[in-house]
Amino acid sequence: MKNGTTIKAAFKIAVGQDRFYENPDKLSQYEHGGVFVAGQTPLCMVEPKNSDQVAAVVRAAIETGANLVPCSSGPPRSQRGCCVPADIPSVVVDLGKMDRIPHINRRNKVAIVEPGVGFGMLQAEAKKLGMKALLPLLPRASKSVVASYLEREPITIPKYHWDMTDPMLCVEVIFGTGDAFRTGGAAGPGSLEEQWKAGSSQKNPMGPAQTDLVRVVQGAQGTMGIVTWSSVKLEVLPTIRKGCFITSPQIGPLIDLAYAMTQRRLGDELFILNAQAMAGILEKDTAKIEKLAENLSPWTLFYCVAGYEVFPELRVRQQEQDIAALANNLGLKAVPDLDGAKGNYLARMLDEPCPEPYWKDRLKGAHAEIFFLTTMDCVPGFLGTMRELADAHGYPAKDMGVYVQPVQQGRNCHLEFVLPFDKSDADDKKRAQDLFDKASKVMSEKGAFFSRPYGPWAEPAYSRCPDTVATIKTVKDILDPHHVFNQGRICL
């Protein structure tokens with residue numbers, strides 16, 4: 001590896017003086033990792049403006065031996081630690097200024113977005129054509145669409161989630177040789193412009209031939225390549241839409257209802273929250289959150305029903321009747337309002353990024369989070385384990401948020417525990433960290449699938465499957481032969 005001065009000179013040439021930064025104040029925003037993930041200050045930061053400059057950056061890394069840490073979301077960054085430089089000389093590649101939407105197609109319900117495009121921007125452009133983007137639950141306003149989909153953050157509409165790669169389709173990725181590679185329908189023949197002229201919209205993620213390299217870069221935390229754009233799924237904007245709440249003192253009946261609804265593909269948005277998580281979404285002030293959480297039912301299933309261009313009223317009415325019948329069989333009832341919050345108001349909230357402060361930080365100013373994949377029938381067991389661990393570590397279980405998101409049409413679910421803490425209170429932070437560390441280990445031992453193994457989750461996730469580790473390292477040697485991408489993350 002060459003010295004720092006030589007490394008900086010090479011990257012300055014790659015992107016130009018106006019897109020190269022080494023000011024300590026500028027670099028400091030990249031050094032702080034996930035809540036409990038250590039990192040260091042990068043040597044410098046570059047902001048490429050297009051795919052050609054990204055390729056030039058990769059070639060500069062090959063020449064100098066520098067480690068590239070890609071990121072695209074705006075601050076606050078690296079909540080989970082994947083975009084924090086490890087303890088080696090690193091260069092941050094900030095793709096936030098690549099923020100074009102070069103193509104959006106109503107007929108095929110697809111858009112091409114660059115890494116700097118946020119959900120607010122994509123949603124605004126989609127609405128102009130009568131479409132909507134598929135969002136995770138109230139993402140940060142600064143969250144990149146491409147980063148969110150690369151991280152496989154679950155969307156809130158399980159009936160549109162067919163595969164774990166959804167809603168991401170085709171990508172252009174710069175691999176570790178400095179070469180650009182396009183996947184799926186985007187691979188050719190011809191340029192994108194020629195494909196658009198012929199009526200193609202880069203909708204099929206499979207290919208070229210029998211490859212499916214989107215799966216290789218998704219969840220890889222920037223260790224396999226840098227994605228410079230992606231085609232993503234959109235859906236038709238509803239003509240009519242209603243949001244409803246179904247509450248229960250126990251989560252079991254709501255899980256049974258979620259299974260029944262997803263099996264029949266009833267509803268659009270559909271998820272389950274505990275009282276603390278729901279209060280954190282509906283209120284911003286700490287005192288109001290605490291008061292609302294005390295008044296709410298312990299568990300709430302929220303769903304939307306929607307009608308589109310063809311017989312919208314009939315579609316909504318039929319879904320309402322079917323859901324009401326399923327709920328009645330379980331002793332449950334849907335209501336349009338919940339302690340002053342209207343279902344239609346929450347439905348509109350779900351269409352946009354979260355206004356500040358971020359909902360997970362509203363109670364105490366900071367949070368840790370533990371999330372993994374499981375099946376919905378296993379959720380009650382994990383909840384019981386988490387409550388026992390919280391009590392054992394002196395962490396107030398009433399402060400803990402719980403989010404259950406069915407994915408893949410209910411085949412499995414994303415289970416998330418949000419652990420708020422006051423970062424100015426050393427004892428409070430230590431309680432949260434101790435619980436985070438212990439619970440992560442215990443959940444893994446009890447069958448939690450950490451499909452996105454950030455930071456401390458990498459060791460328990462990969463130690464159970466050495467053949468997977470060997471395969472990942474082989475693929476890494478092929479796609480990134482000089483090992484220039486985000487060293488020190490996942491199992492690398």
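Residues numbered from 1 in each chain as written. Predicted model: local features only at pLDDT ≥ 70, side-chain atom pairs only at ≥ 80, totals over all residues. Heavy atoms only, no water.

J.: I'd like to hear about the overall build of the chain, residue by residue, with values.
T.: Check the secondary structure of the chain and you find 16 helices and 19 strands. For the chain, whose C-alpha radius of gyration is 23 Å, the value lies close to the compact-globule estimate of 23 Å for 492 residues. Based on the C-alpha atoms only, the size of the chain along its principal axes is roughly 70 × 60 × 40 Å. Looking at the chain as a whole, 57% of its 492 residues are labelled buried. (Helix = DSSP H or I, 4+ residues; strand = E, 2+ residues; numbered from the N terminus. Rg over C-alpha atoms; globule rule 2.2 N^0.38 Å. Buried < 20%, exposed > 50% of the residue type's maximum accessible area, 1.4 Å probe, protein only.)

J.: Kindly report on unusual backbone geometry, identifying the contributing residues and their values.
T.: Outside of glycine, negative phi angles account for most residues, and trans bonds account for most peptide bonds. Of the consecutive residues G188 and P189, the connecting peptide bond is found in the cis state with omega at 5°. As for its position among the elements, P189 is in the loop between β9 (180-182) and α6 (192-197). With omega at 0°, the peptide bond leading from G207 into P208 counts as cis. Along the polypeptide, P208 turns up in the loop between α6 and α7 (214-217).

J.: So what's going on with the packing of aromatic side chains? Which residues, and what values?
T.: In the structure shown here, the tally under the stated rule is 14 aromatic pairs. When the centroid spacing of 5.9 Å and the interplanar angle of 25° are considered together, the rings of F436 and W457 count as stacked. One end of the pair, F436, is in helix α14 (residues 426-445); the other, W457, is in the loop between α14 and α15 (458-463), and 21 residues separate them in sequence. Across the pair, W457 and F436 agree in class, each one buried. (Phe/Tyr/Trp six-rings, centres within 6.5 Å; stacked < 30°, edge-to-face > 60°.)

J.: Hey, could you go over the side chain of D212 for me, with residue numbers and the actual values?
T.: Following the sequence through the fold, D212 ends up in the loop between α6 and α7. Among the polar contacts listed, one links the side chain of D212 to the side chain of R215, at a separation of 2.6 Å. With residues near it in sequence (within four places) discarded, D212 still touches P205 and M206. (Polar contact = N/O pair within 3.5 Å; in protein donor to acceptor, adjacent residues only side chain to side chain. Contact = heavy atoms within 4.5 Å.)

J.: Any chance you could break down the pattern of salt bridges for me, citing the residues and the numbers?
T.: Within this structure, the stated rule accounts for 29 salt bridges. K97 is the salt-bridge partner of E47, the closest N and O atoms lying 3.5 Å from each other. Residue E47 is located in the loop between β2 (44-46) and α3 (51-64), and its partner K97 is located in the loop between β4 (90-94) and β5 (103-105); the two are separated by 50 residues in the primary sequence. Residue classification places E47 among the buried positions, given a relative accessible area of 6%. In this structure, R241 and D351 form a salt bridge, with 2.6 Å as the shortest nitrogen-oxygen distance. Note that R241 is positioned in strand β11 (residues 240-248) and D351 in the loop between α12 (343-349) and β17 (366-374), a separation of 110 residues in sequence. By relative accessible area, which is 11% here, D351 ends up buried. If you follow the salt bridges from partner to partner, you end up with K364, K398, D399, D428 and R431 in one network. (Salt bridge = Lys/Arg side-chain N within 4 Å of Asp/Glu carboxyl O.)

J.: Provide a residue-level description of the state of the cysteines, including the pertinent values.
T.: All told, the structure shown has zero disulfides when counted by the stated rule. Here C378 stays free of any disulfide, with the sulfur of C413 as its closest cysteine sulfur at 8.4 Å. (Disulfide = S-S within 2.5 Å.)

J.: Please provide a residue-by-residue account of the nonpolar core, values included.
T.: Among the nonpolar cores identified, the biggest contains 60 residues, and L301 and F417 are the most heavily contacted of them. In this structure F417 touches A368, E369, I370, F372, F382, L383, M386, M400, G401, V402 and M443, once residues within four positions along its chain are discounted. Counting 40 residues, the second largest nonpolar core, distinct from the first, contains A126, L134, M224 and I490. (Core = buried A, V, L, I, M, F, W, Y, C linked by side-chain atoms within 4.5 Å.)

J.: Can you break down the pairing of strand β6 (residues 110-113) residue by residue, with the values?
T.: Burial of β6 is two-sided: the residues V110 and I112 facing one way and the residues A111 and V113 facing the other way are all buried. Where β5 lies against β6, three bridges are found, and the strand directions are antiparallel. If you follow H103 over to β6, its bridge partner there is I112. In this structure, the hairpin formed by β5 and β6 is closed by a connection of four residues, where K109 is found at a positive phi of approximately 55°. Bridge count between β6 and strand β10 (residues 226-236): four bridges; the pairing is antiparallel. Counted as the bridge partner of V113 is S230 from β10. (Pairing = 2+ DSSP bridges.)

J.: Run through the sheet that holds strand β1 (residues 20-21), naming residues and quoting values.
T.: Strands sit in the order β1-β2-β4-β3 across an open sheet of four strands; the sheet is mixed. The two strands at the open ends of the sheet, each matched to only one other strand, are β1 and β3 (67-71). As paired elements, β2 and β4 share three bridges and run parallel to each other. Pairing of M45 across the sheet is with V92, part of β4.

J.: Explain α14 residue by residue, including any values.
T.: Side chains of residues three or four places apart in an α-helix project in the same direction, reflecting 3.6 residues per turn. Here α14 is 20 residues long and its end C-alpha atoms lie 29 Å apart, about the 28 Å a rise of 1.5 Å per residue gives. Taken residue by residue, α14 has D428, A432, L435, F436, A439, S440, V442, M443 and S444 as its buried positions. Elements in contact with the buried residues of α14: β17, α13 (379-392), β19 (412-421) and α15. Where α14 starts, the residue carrying a side-chain oxygen 3.0 Å from the main-chain nitrogen of D427 turns out to be D425. (Expected span 1.5 Å × (residues − 1).)

J.: Requested: an account of the packing of helix α9 (residues 275-282) against helix α10 (residues 286-295), with residues and values cited.
T.: Put simply, α9 and α10 touch, their axes get as near as 8 Å, and they point 135° apart. In terms of orientation, α9 lies oblique with respect to α10. Remark: the crossing between α9 and α10 carries right-handed chirality. In contact with A275, Q276, A279, G280 and L282 of α9, α10 contributes I289, L292 and A293. A breakdown of the residues in the contact of α9 with α10 according to their chemical character gives six nonpolar, two polar and no charged. (Axes fitted to C-alpha atoms, helices over the stretch in contact; angles between N-to-C directions. Parallel < 35°, antiparallel > 145°, perpendicular 65-115°, else oblique. Left-handed = near helix turned anticlockwise from the far one by under 90°. Nonpolar A, V, L, I, M, F, W, Y, C, P; charged D, E, K, R; others polar.)

J.: Run through the side chain of T156, naming residues and quoting values.
T.: Secondary-structure assignment places T156 in the loop between α5 (145-150) and β8 (168-174). When near neighbours in sequence (up to four residues on either side) are disregarded, T156 contacts L135, P136, L137, D268, E269, L270, F271, Y403 and Q405.

J.: Go over the environment of D52 with me, naming the residues and quoting the values.
T.: Within the secondary structure layout, D52 lies in helix α3. A sequence separation of 354 residues divides D52 from P406, and the C-alpha atoms of the two residues are 39 Å apart.

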